[in-house]
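A structural walkthrough
One letter stands for each residue in the lines below.
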Amino acid sequence: MSDSVELYYQVGDGQDSDGQDGVPLVVLHGLFGSADNWRSHAKQWQRKRRVITVDLRNHGRSPHADEMNYSVMAQDVIALLDKLEIERCDLLGHSMGGKVAITLARIAAERLSSLIVADIAPVAYGHDHDDVFAALRRVVEGEPTSRKEADALMAEAVETPAVRMFLATNLVRDDDGVMRLRVGLDEIEAAYDNIIAEPAGEGAYDGPTLVLRGANSGYVSDELLPPLKKVLPEAEIETLDAGHWLHAEVPAAFQQAVNDFLARRPL
């Protein structure tokens, strides 16, 4: 078995445990995301429960590693649960993080109290991030000294300002004043076929499951519901008026859907 990496995480302890069973909520971001993207949601959730937001390998403040597939990423999260002495958790994953979450549910179902998957299905997808890789390569090569310069470089490959703004969350200034990427771009690009592949593991996870999908996103289309239900037979499907980044586009509706699901799940 490959060595797991020690993931960076942020934790917030709930101030009011009444009505809760003490099961923490663990949140996994998507491709090119990080725990930082979930701060506003975590701030709300941690009023009632312990919330752990995680940087997956090659993302955020977590270590970079050549090996990157759903088996090793799920093992990273299990190692973190062990470190934090968390026997069971409610696990939420968006996009790539959703596939990590599905993998963990398949290989270690006993570690989950419930599963929440945001806008991803347990299937293989096609290549659709060429423009993103090109934009980030321009930043690496251009060595911008400001976010404005970095945005101009990314605009050569990515037209949508909102996408560039999201990608810019991966920029940090080095000691020489140059804006650098904190993601493992080389490692992610080399492992891209693994990232767009199906989750790892076998069989189905039959625990309580919520799948949130964006009405304006094709990642969980009606055609993908049969294979999704084969892997997640107990899944409740809820459609939000949003695209793929539904937690950022309709944060109130997203948070309400998660809260409602967690409130009615079996203890």
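Refer to the structure presented above.
**Looking at the packing of aromatic side chains**
- Summed over all chains, the structure comprises five aromatic pairs.
- Pairing Phe166 with Trp245 gives two aromatic rings, centres 5.7 Å apart and planes at 50 degrees, and the pair type is tilted. Within this pair, whereas Phe166 is found in helix 6 (residues 161-167), its partner Trp245 is found in the loop between strand 9 (235-240) and helix 10 (246-249), the two being separated by 79 residues in sequence.
- The rings of Phe32, Phe133 and Tyr192 are connected pair by pair, giving a single aromatic cluster.

**Let's talk about the pattern of salt bridges**
- Enumeration according to the criterion identifies 15 salt bridges in this entry.
- Residues Arg49 and Asp90 are paired through a salt bridge, measuring 3.0 Å at the closest nitrogen-oxygen approach. Remark: Asp90 occurs in strand 4 (residues 89-94) and Arg49 occurs in the loop between helix 1 (39-45) and strand 3 (51-54); sequence separation between them is 41 residues.
- Residue Arg111 is joined to Asp82 by a salt bridge in which the shortest nitrogen-to-oxygen separation is 2.9 Å. Of this pair, Arg111 sits in the loop between helix 3 (96-107) and strand 5 (112-118) while Asp82 sits in helix 2 (residues 70-83); the two residues are 29 residues apart in sequence, bridging distant segments of the chain.
- Here Asp82 falls in the partly exposed class, since its relative accessible area comes to 47%.
- A network of salt bridges, in which partner residues are shared, links Asp36, Arg39, Arg61 and Arg182.

**Structural notes on the sheet that holds strand 2 (residues 25-28)**
- Spatially, seven strands are ordered 1-3-2-4-5-8-9 in an open sheet, and the strand pairing comes out mixed. The open sheet has two edge strands, strand 1 (9-12) and strand 9, and neither has a second partner. In this sheet, neighbouring strand axes are inclined to one another by 15 degrees on average, regardless of whether the strands run parallel or antiparallel.
- The strands touched by helix 3 are strand 2, strand 4 and strand 5; relative to strand 4, the strand with the most contacts, the crossing angle is about 145 degrees.

**Describing the pairing of strand 2**
- Alternating residues of strand 2 divide into Leu25 and Val27 and Val26 and Leu28, and every residue in both groups is buried.
- Two strands pair when backbone bridges link them, and strand 2 and strand 3 are joined in this way by four bridges, in the parallel orientation. Each bridged residue has a counterpart across the sheet, and for Leu28 the counterpart in strand 3 is Val54.
- Following the chain from strand 2 across helix 1 to the adjacent parallel strand 3, one finds a crossover that is right-handed.

Conventions and cut-offs
Position labels on residues start from 1 in each chain and follow its written sequence. The model is predicted, so local features are restricted to residues of pLDDT at least 70 and side-chain atom pairs to those at 80 or more, both for listing and for counting; the totals for chains, interfaces and linings are taken over all residues. For side-chain calculations, the full set of non-hydrogen atoms in the structure is used, while hydrogens and water are omitted. Note on aromatic contacts: the rings of Phe and Tyr and the six-membered ring of Trp form a pair at centre separations within 6.5 Å, being stacked when their planes are under 30 degrees apart, edge-to-face when over 60 apart, and tilted otherwise. Secondary structure elements follow DSSP: runs of H or I of four or more residues count as helices, runs of E of two or more count as strands, with numbering from the N terminus. Criterion for a salt bridge: a side-chain nitrogen of Lys or Arg within 4 Å of a carboxyl oxygen of Asp or Glu. Each residue is assigned to one of three classes by its accessible area relative to the maximum for its type, calculated with a 1.4 Å probe on protein chains only: buried under 20%, partly exposed between the two thresholds, exposed over 50%. Pairing between two strands is assigned when DSSP locates at least 2 bridges connecting them. Only the stretch in contact is used when a helix axis is fitted, and all axes are lines through C-alpha atoms; the angle between N-to-C directions ranges over 0 to 180 degrees. Whether two residues touch is decided by their heavy atoms; if any such pair falls within 4.5 Å, the residues are in contact. A crossover counts as right-handed when, viewed with the strands pointing away from the observer, the path leading from the first strand over the helix to the second turns clockwise.

Treat this as a map of the structure, not an account of what it does.
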